[in-house]
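Given next are the chains, with one letter for each unit.
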Amino acid sequence: MKEVDVRGLSCPMPLMHTKKAIEDDPAEILVHADSGTSKANVVAFLQDAGYTVSVDQTGEEYKIKGAR
Amino acid sequence: MAERRVIGPTAWLVGGAGLFIGAIAAWLTSQGNPGNMGLCIACFWRDIAGYFMGSQTGQAGLAYIRPEIIGIMLGALAAALITKEFRPRGGSAPLLRFVLGFIFMVAALVFLGCTVRVWVRLGGGDLTAIWGAVGIVIGVVIGVFVLRKGFNLGRAKQLAAPLGWILPAIAVVLLVFALVTEYGAKPEWATLTPAKGKAVVPGEVVVTTDGDVIKPADATLVDGAVVAADGTVLADAEKVASAGAMPGGLRAALWISLLAGAAIGVAAQRSRFCSVGGIRDSILVRRFDLLFGVVGLVIGATIVNMLFGQYNLGFEGQPAAHNDALGSIAAMTLAGLAAVLMGGCPLRQMIMGSEGDADGAIAVVGMFAGAGFSHWAGLASSGAGLGDNAWLAMAVMAVILGAIAFIKRPRVA
């Protein structure tokens, strides 16, 4: 599984990192995000790329899992 | 990478929010806000700066605590708290964010409007705003280049809870001042542009569009002319009639502004609307959803402006605008670049600050300081055109932005 940490990054870096991570088409990806905006953007971006996305929200972060 | 949709379902969410924000902005003008300035983050913070610093910065005509600003911050705060997205965070190069906010504001006041008002002006038929839009695109293209080179202000970290409340606290303080001024009395040191005030002779003769003489106190209006108690004509009727209303005196009722602002704050927080991010994402990551926001804003403002008979297509006679193409392009290139470097437009900075992001709050404070500085130093434009030192200031700001953009490249693990 590919793992990306975009916590604390300003727009548009969460998307840039996510885009780079899915370039080699991983079957599964896990993105750590910590703001509502980066979560929403990464979720939409992964869905647009054909991933089925689930979000696990803990106190400090969003664990965004993508699979296809 | 496999095929990817470049326009997803969130395009409609952002587009709808843009439509709503544009419509509200145009409607606020019908309620008393200045022409094509129903919503302008830069102008409104400028007016707030005028309230607190106007006696030093010469902002007699641009001084009012815009309740829209308070509403946006409190609306976004409420939306963030309800959706559990309020998270105290910060520490990503706060000093540079202050500088970027400061530069954004000074540049925006050369153009006469922020990256939000560019689209609001276009929605009112103001074709001079095209120069601003061109500038934003150039600034964003430069910003994208810098981002691709690895520009990064560093990661924000979790902060102690009180630090997340900087901007909400500022909102509450502003609300207290706004209410005290509206229902009590203005503090002695504060500056407040009289409602519907027209400066016939700046600083000396002020009347309202309703025909009341505000200054000097003992003068009266006789056949349209301002006449002193001893019979001296201070300003003839022609001069009184030709004087334009001061922007700071043009305002919707406090509660209308406050509630409209809150609605905009909620819409912007939920949709992640950004007035520069759409262009940025389209170029940088080929994702067009955010672009629907500004397109929606222009459409919403256009429709409502037409409904209220406020639509005026052309380059001439546009409210609070000048037709200096080169100056507008240069100013908004700087503003667009500054916005990309700080991770979003001034509206986004306010929304993030209201979500507990201390860095967004610092950028807003930088904008506030930049507004006061701009007027104190005579850098802000007027309808007549650019200030004497505007080009010099823009050159200096370009050098500073260049330094920030090309030097600030820490590694990201």
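Further up the page is the structure itself.
Residues numbered from 1 in each chain as written. Chains lettered and ligands numbered in written order. Predicted model: local features only at pLDDT ≥ 70, side-chain atom pairs only at ≥ 80, totals over all residues. Heavy atoms only, no water.

Student: Mind laying out the overall build of chain A, listing which residues take part and the relevant values?
Tutor: Across its full length, chain A holds two helices and four strands. The order of helices and strands in chain A, counted from the N terminus, is β-α-β-α-β-β. What you see for chain A is a C-alpha radius of gyration of 10 Å, in line with the 11 Å of a compact globule of 68 residues. Once the C-alpha set of chain A is aligned to its principal axes, its extents read approximately 30 × 20 × 20 Å. In chain A, buried positions account for 57% of the 68 residues. (Helix = DSSP H or I, 4+ residues; strand = E, 2+ residues; numbered from the N terminus. Rg over C-alpha atoms; globule rule 2.2 N^0.38 Å. Buried < 20%, exposed > 50% of the residue type's maximum accessible area, 1.4 Å probe, protein only.)

Student: Got a sec to walk through the pairing of strand β1 (residues 2-5) of chain A? Specific residues and values, please.
Tutor: Residues and elements named next belong to chain A. The pairing of β1 with strand β2 (residues 28-33) spans four bridges and is classified as parallel. Counted as the bridge partner of E3 is L30 from β2. The parallel pair β1 and β2 is bridged by helix α1 (residues 13-21), and the resulting crossover is right-handed. (Pairing = 2+ DSSP bridges. Right-handed = clockwise from strand over helix to strand, strands pointing away.)

Student: Quick rundown of unusual backbone geometry? Include the residues and the values.
Tutor: Omega for the peptide link from C11 of chain A to P12 of chain A comes to 0 degrees, which places this bond in the cis form. Following the sequence through the fold, P12 of chain A ends up in the loop between β1 and α1. A positive phi angle, close to 85 degrees, is found at L112 of chain B, a residue other than glycine. Inspection of the secondary structure puts L112 of chain B in the loop between α4 (94-111) and α5 (115-123). By relative accessible area, L112 of chain B is classed as buried at 11%. Located in the positive-phi region is K196 of chain B, a residue other than glycine, with phi close to 55 degrees. When you line up the elements, K196 of chain B lands in the loop between α7 (166-183) and β3 (197-201). Of the residues examined, K196 of chain B reaches a relative accessible area of 39% and is grouped as partly exposed.

Student: Before we move on, could you go through empty space enclosed by the protein and cite the residues and values that matter?
Tutor: Enumeration over the complete set of coordinates arrives at three cavities of 30 Å³ or more. Here the largest cavity is characterised by a volume of approximately 190 Å³. Along its surface, the largest cavity is lined by 19 residues, and L9 and S10 of chain A together with R89, M352 and D357 of chain B are the ones closest to its centre. Residue assignment for the lining of the largest cavity shows that the elements contributing at least two residues are α2 (36-48) of chain A together with α13 (346-354) and α14 (358-376) of chain B. Across the lining of the largest cavity, the residue classes break down as five nonpolar, eight polar and six charged. One number sums up the size of the second largest cavity: a volume of about 60 Å³. (1 Å grid on protein atoms, 1.4 Å probe; cavity = no way out; pocket = protein on both sides within 12 Å on 5 of 7 lines; lining within 4 Å. Points joined across faces, edges and corners; volume = space filled by probe spheres on them. Nonpolar A, V, L, I, M, F, W, Y, C, P; charged D, E, K, R; others polar.)

Student: Tell me about the packing of aromatic side chains, and name the residues and values.
Tutor: Across all of its chains, the model carries 14 aromatic pairs over all chains by this definition. When the centroid spacing of 5.4 Å and the interplanar angle of 45 degrees are considered together, the rings of F102 of chain B and F373 of chain B count as tilted. Of the two residues, F102 of chain B is situated in helix α4 and F373 of chain B in helix α14; the sequence distance between them amounts to 271 residues. On the basis of relative accessibility, which here comes to 22%, the residue F102 of chain B falls in the partly exposed class. Assessed through its relative accessible area of 33%, F373 of chain B is described here as partly exposed. Ring geometry for W131 of chain B against F315 of chain B: centres 6.4 Å apart, planes inclined by 35 degrees, an arrangement best described as tilted. In this pair, W131 of chain B is assigned in helix α6 (residues 129-148) and F315 of chain B in the loop between α11 (291-307) and α12 (325-341), connecting sequence segments 184 residues apart. A cation over an aromatic ring shows up here: R68 of chain A above the ring of Y51 of chain A, its NZ or CZ 4.2 Å from the ring centre. For R251 of chain B, the ring lying beneath its charged end belongs to Y64 of chain B, and the centroid distance is 4.2 Å. (Phe/Tyr/Trp six-rings, centres within 6.5 Å; stacked < 30°, edge-to-face > 60°. Lys NZ or Arg CZ within 6 Å of the ring centre and 35° of its normal.)

Student: Quick rundown of the state of the cysteines? Include the residues and the values.
Tutor: All names here are of chain B. Considering all chains together, one arrives at one disulfide over all chains under this definition. Each sulfur in the disulfide pair C40 and C43 lies 2.3 Å from the other. Here the S-S torsion is close to 65 degrees, and the disulfide linking C40 with C43 is therefore right-handed. According to the relative accessible area criterion, C40 is buried, its value standing at 0%. Taking relative accessible area as the criterion, C43 reaches 2% and is therefore assigned buried. With no disulfide of its own, C114 lies closest to C40 among cysteine sulfurs, the gap being 3.9 Å. (Disulfide = S-S within 2.5 Å.)

Student: Would you mind going over the pattern of salt bridges in detail, with residue names and values included?
Tutor: All names here are of chain B. One pass over the structure, following the stated rule, counts 20 salt bridges over all chains. For the salt bridge of R66 with D47, the shortest nitrogen-to-oxygen distance reads 2.8 Å. Placement of the pair is R66 in the loop between α2 (41-57) and α3 (67-82) and D47 in helix α2, with a sequence separation of 19 residues. Looking at R66, the relative accessible area reads 0%, which means it is buried. Linking D359 and R97 is a salt bridge whose minimum nitrogen-to-oxygen distance equals 4.0 Å. Highlighted residues: D359 in helix α14 and R97 in helix α4, separated in sequence by 262 residues. (Salt bridge = Lys/Arg side-chain N within 4 Å of Asp/Glu carboxyl O.)

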